[in-house]
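# Architecture at a glance
What follows is each chain in one-letter form.
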Amino acid sequence: MDHFDYLVVGSGLFGATFAYRATKAGKKCLVIDKRPQLGGNVYCENIEGINVHKYGAHIFHTSNKSVWDFVNSIVEFNRYTNSPVANYKGKLYNLPFNMNTFYQMWGVITPQQAQAKIDEQKAEAEAALNGREPANLEEQALTLVGKDIFEKLIKEYTEKQWGRNCKDLPAFIIKRLPVRMVFDNNYFNDKYQGIPIGGYNKLIDGLLEGVERKTSVDFFAEYKDSWRNIADKLVYTGAIDEYFDFKLGKLDWRTVSFKTRIEDMPNYQSNAVVNYTSHDQPYTRIIEHKHFEMFGQTVYDCPKTVVSEEYSTEYKDGMEPYYPVNNDRNNALAEEYRKLAAAEDDVIFGGRLGQYKYFDMAPIIEQVLNMEII
Ligand code: FAD
Ligand code: UDP
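Residues numbered from 1 in each chain as written. Chains lettered and ligands numbered in written order. Predicted model: local features only at pLDDT ≥ 70, side-chain atom pairs only at ≥ 80, totals over all residues.

## Points about unusual backbone geometry
- Cis geometry is adopted by the peptide bond preceding proline 96, which originates at leucine 95 and carries an omega value of -15°.
- A positive phi angle, near 55°, is found at serine 216, a position not held by glycine.
- In this structure, serine 216 sits in the loop between strand S9 (212–214) and helix H8 (219–222).
- Residue serine 216 is classed as exposed on the basis of its 10 C-beta neighbours within 10 Å. (Helix = DSSP H or I, 4+ residues; strand = E, 2+ residues; numbered from the N terminus. Buried ≥ 20, exposed ≤ 12 C-beta atoms within 10 Å, placed from the backbone.)

See below:
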């Protein structure tokens, strides 16, 4: 049997970027994934000629030029700019909160008018606090942007997303709500953003070119006890608690689920992302995948469209673990698992699941680019 320098568990961006760099450094890697396809959460399924983001909409954004140059050296990125629209009871508002939103909300047309309106609303909320600090998300949001924006664009969306009343959620979740006094619907402040031309699978294929890989292979079923027979080192990007057989207890995750359908029309909602910010709809948002990669006439050259309703779902065993739940219990437990991980010889724990930390794509790549591969 072949012998490898590295067995890489997980073909998401961490595993794939690691395998790319290790291969360039002359190391021999085997990448395995328990899913039937490669790419982890950035994998796209082609439906009706459209790249459908099967595990959630992914928009690449970074201010790090080395990361941007690196991903573009694998596949060129397009100029997609994330500009979600919010639908509250049939009325549309631009996000993030900016002059367009303020115009739609109050009819104000200058930054002075908008600021006066926000100040007036904030003053009401601050008076109610009577000098004390905001104690929950509702109070925090009211003192940042006031009642109108809170009620129409934050309250019910946040309750759907977190499954709890805004009064029972911590203030910090919403501390950094951007408020822009310019007409600018770009959701991200980063210098670079886009989607790989031809889809994320091209990025993964490029990273894994020439690397041996096996799909539908679960590390625990096939390699846990025997991996040292085939590789010198292990890169593990699965869930950290699972690696240790949950011996200290199970970490909690938050998950989302999708209802995806084909619509027999070229253009369903004219935007990739529309947030539904009232309880009238049970889903948080609808993604229309073609708008990530098709612009202008090409939208109409493709006669159908694929849309996904996104639901925030309580995590249960067997579901996809998506977001770590960073409360005190989980943070402390994850720290204990990290101590066990640090004591594990020849094993690198990487990625979102392996570190039990939420990372966007660019920081994951940055981490791997900064690793010393020996
Ligand atoms: P993953 O992509 O999860 O890959 C881990 C892989 O390991 C999976 O393929 C899994 O099948 C495999 N694996 C696990 N256990 C085993 C095992 N026992 N045996 C074999 N294989 C195993 N980031 C952005 O920058 N922009 C966005 O817009 C964005 N949107 C997101 C939306 C959602 C819903 C989610 C959940 C994340 C989003 N992210 C976004 C974050 C992004 O998905 C991550 O940064 C990235 O996926 C991390 O890559 P990874 O390799 O760590 O993990
Ligand atoms: N949010 C909101 N209304 C929106 C979009 C976001 O109130 O239309 C709030 C909500 O509390 C959410 C937080 O902003 O949890 C962060 O949302 P974002 O979509 O930026 O992050 P993600 O869901 O991708 O983690």
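## With respect to the site of ligand 1
- Taken together, 34 residues are adjacent to ligand 1, and Gly10, Gly12, Gly40, Gly56 and Gly351 come closest.
- For the shell around ligand 1, the elements supplying multiple residues, two or more each, are helix H1 (13–24), H8, helix H12 (351–355) and helix H13 (361–369).
- A breakdown of the residues in the shell around ligand 1 according to their chemical character gives 17 nonpolar, 11 polar and 6 charged. (Near = placed C-beta within 6 Å. Nonpolar A, V, L, I, M, F, W, Y, C, P; charged D, E, K, R; others polar.)

## Points about the sheet that holds strand S16 (residues 347–349)
- Taking strand neighbours across the sheet as the criterion, the 5 strands line up as S9-S2-S1-S10-S16 in an open arrangement whose pairing is parallel. Two strands close off the open sheet at either side, each with one partner strand: S9 and S16. For this sheet, the mean angle separating the axes of adjacent strands, direction not counted, is 20°.
- Pairing of strand S2 (residues 29–32) with S9 involves 3 bridges; the strand directions are parallel. In the sheet register, isoleucine 32 faces S9, and the bridge partner there is lysine 214.
- Packed on one face of the sheet, H1 meets strand S1 (4–9), S2 and strand S10 (231–236) and runs near 165° to S1. (Pairing = 2+ DSSP bridges. Axes fitted to C-alpha atoms, helices over the stretch in contact; angles between N-to-C directions. Contact = placed C-beta atoms within 7 Å.)

## Considering the packing of H1 against H13
- Their axes nearest at 9 Å, the elements H1 and H13 cross at an angle of 30°. Compared by their axis directions, H1 and H13 come out roughly parallel. Of the two possible hands of crossing, H1 and H13 adopt the one that is right-handed. Residues Leu13, Phe14, Thr17, Phe18 and Arg21 of H1 touch H13, and the partners they reach there are Met361, Ile364, Ile365 and Val368. (Parallel < 35°, antiparallel > 145°, perpendicular 65-115°, else oblique. Left-handed = near helix turned anticlockwise from the far one by under 90°.)

## What to know about the site of ligand 2
- Taken together, Ala86, Leu95, Leu153, Ile154, Tyr157, Thr158, Gln161, Ile173, Ile174, Asn275 and Thr277 form the complete shell of residues around ligand 2.
- In terms of residue class, the shell around ligand 2 is built from 7 nonpolar, 4 polar and no charged.

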